[in-house]
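Chain by chain, the residues run as shown.
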Amino acid sequence: MFKNSANTVIRNYAKPSIKVSKKLGILGVPFSKGQGKTGVDLAPDFLRENGLLTMLNKCNVSISDYGNLKFETHVTSEDNSPYKRIKNYAEFMACNKALIPRISEVLNENDMFLILGGDHSIGFGSVAGHLLHTPNLSLVWVDAHADLNLHSTSYSGNIHGMPVSLLLKELRKYWLQADLYQFAPKW
């Protein structure tokens, strides 16, 4: 049926659905410390200022914009980090510890949420917060990389390549000093 021609016909066999407005909560997470490039923390405001909300309004969703996540950025010392090879570990933990409960709050008020980031390291807090709200969650992680690095296997020390490893119960034993059981889903 699918041929490389201008005459290809695509048929939609789905039944017409009644348009139902869904509630979408949007939260910006201006975090860039999971990797070394500057500017990714500007993305949440850039997307808003350049028409994202206008575009989403055309999708029959009711939008609640919660602004940008506030989290403690002043960190005393990386010397106290249990994972010395990870860059900006304390900032990463501060951001994600603040993000996890916010996701549950946003989901309690909305049908869906959209996180505007930031680098990949906020994937940990985004998914962990959703798992706390919806424990039977299924996740498909689509990325050019698996983001399964461990603190002991990363060559760069950039934690944006590690968020999935923090989420998998099979890898939790490698993150015992992170005390994930205090704030992340318990397996």
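Residues numbered from 1 in each chain as written. Predicted model: local features only at pLDDT ≥ 70, side-chain atom pairs only at ≥ 80, totals over all residues. Heavy atoms only, no water.

### Here we look at the overall build of the protein chain
Operational definition: Strands here mean DSSP runs of E at least two residues long; helices mean DSSP runs of H or I at least four residues long; both are numbered from the N terminus. When a residue's accessible area, from a 1.4 Å probe over protein chains only, is under 20% of the maximum for its type it is buried; when over 50% it is exposed; and in between it is partly exposed. Whether two residues are in contact is decided by their heavy atoms: any pair within 4.5 Å suffices. Each accessible area is a Shrake-Rupley estimate made with a 1.4 Å probe; only the visible protein chains count as cover when residues are assessed.
Along the protein chain, the regular secondary structure elements total 5 helices and 3 strands. Sequence-ordered secondary structure for the protein chain, helices as α and strands as β, is β-α-α-β-α-β-α-α. The proportion of buried residues among the 187 residues of the protein chain is 37%. Here the analysis covers contacts within the protein chain between residues at least 6 apart in sequence; of these, 67% occur between residues at least 24 apart. Carbon and sulfur atoms form 55% of the exposed surface of the protein chain, whose accessible area is close to 11,700 Å².

### Points about helix α3 (residues 89-109)
Note the following rule: Here a helix's expected span is defined as the number of its residues, less one, multiplied by 1.5 Å.
Helix length check: α3 (21 residues) gives 31 Å between terminal C-alpha atoms against 30 Å at 1.5 Å per residue, within 8%. Taken as a whole, α3 has its buried residues at Y89, E91, F92, M93, C95, N96, L99, I100, I103, S104, V106 and L107. For α3, the secondary structure elements touched by its buried residues are β1 (22-29), β2 (61-68), β3 (112-117), α4 (122-133) and α5 (163-167).

### Notes on the sheet that holds β3
Our working rule: Strand pairing requires that DSSP identify at least two bridges connecting the strands. Axis angles are defined between N-to-C directions and span 0 to 180 degrees, where every axis is a line fitted to C-alpha atoms and, for a helix, only to the segment in contact.
Here 3 strands make up an open sheet; going across it, the order is β2-β1-β3 and the pairing parallel. Looking at the sheet topology across the chains shown, the edges are occupied by β2 and β3. Neighbour-to-neighbour, the strand axes of this sheet turn through a mean angle of 20 degrees, independent of strand direction. Bridge analysis of β1 against β2 gives 6 bridges, and the strand direction is parallel. Note on β2: the bridge partner recorded for K23 is S62. Of the strands in this sheet, β1 and β3 touch α4, which is tilted by about 165 degrees from β3.

### Section: the confidence of the model for the protein chain
Inclusion rule: Confidence of the prediction at every residue is given by pLDDT, a number between 0 and 100.
Overall, the predicted model of the protein chain reaches an average pLDDT of 85, with 85% of residues at or above 70. Put simply, α5 is where the protein chain has its lowest mean pLDDT, 91, and helix α1 (residues 43-49) is where it has its highest, 97. Note that residues 1-5 has pLDDT below 50 and, in this model, 6 contacts with residues that lie over four places away or in other chains.

### Comments concerning the packing of α3 against α4
Rules: In this scheme the crossing of two helices becomes right-handed for a clockwise turn of the near helix relative to the far one and left-handed for an anticlockwise turn of less than a right angle. Here the term charged refers only to Asp, Glu, Lys and Arg, the term nonpolar to Ala, Val, Leu, Ile, Met, Phe, Trp, Tyr, Cys and Pro, and the term polar to all other amino acids, Gly among them.
Contact geometry of α3 with α4 gives a least axis separation of 7 Å together with a crossing angle of 35 degrees. As for how α3 packs across α4, the hand of that crossing is right-handed. Contact residues: F92, C95, N96, L99, I100, I103, S104, L107 and N108 in α3; I122, F124, G125, S126, A128, G129, H130, L132 and H133 in α4. Grouping the amino acids of the contact of α3 with α4 by side-chain chemistry returns 10 nonpolar, 8 polar and no charged.

### Remarks on the side chain of S32
Along the chain, S32 falls in the loop between β1 and α1. Taking relative accessible area as the criterion, S32 reaches 16% and is therefore assigned buried. The residues touching S32, leaving out its near neighbours within four places in the chain, are K37, V40, D41 and D119.

### Thoughts on the environment of N158
Looking at the secondary structure, you find N158 in the loop between α4 and α5. Here the alpha-carbon distance between N158 and I86, two residues 72 residues apart in the chain, equals 6.1 Å. Once you skip the residues sitting within four places of it in the chain, N158 turns out to touch G34, Q35, G36 and K87.

### Overview of unusual backbone geometry
The phi dihedral of N60 falls on the positive side, at around 60 degrees, and the residue is not glycine. Within the secondary structure, N60 is located in the loop between α2 (52-57) and β2. N60 gets classed as partly exposed once you look at its relative accessible area, which sits at 32%. The phi torsion at D147 lies on the positive side, around 55 degrees, for a residue other than glycine. Examined against the element boundaries, D147 turns out to sit in the loop between α4 and α5. Residue D147 is classed as buried on the basis of its relative accessible area of 5%.

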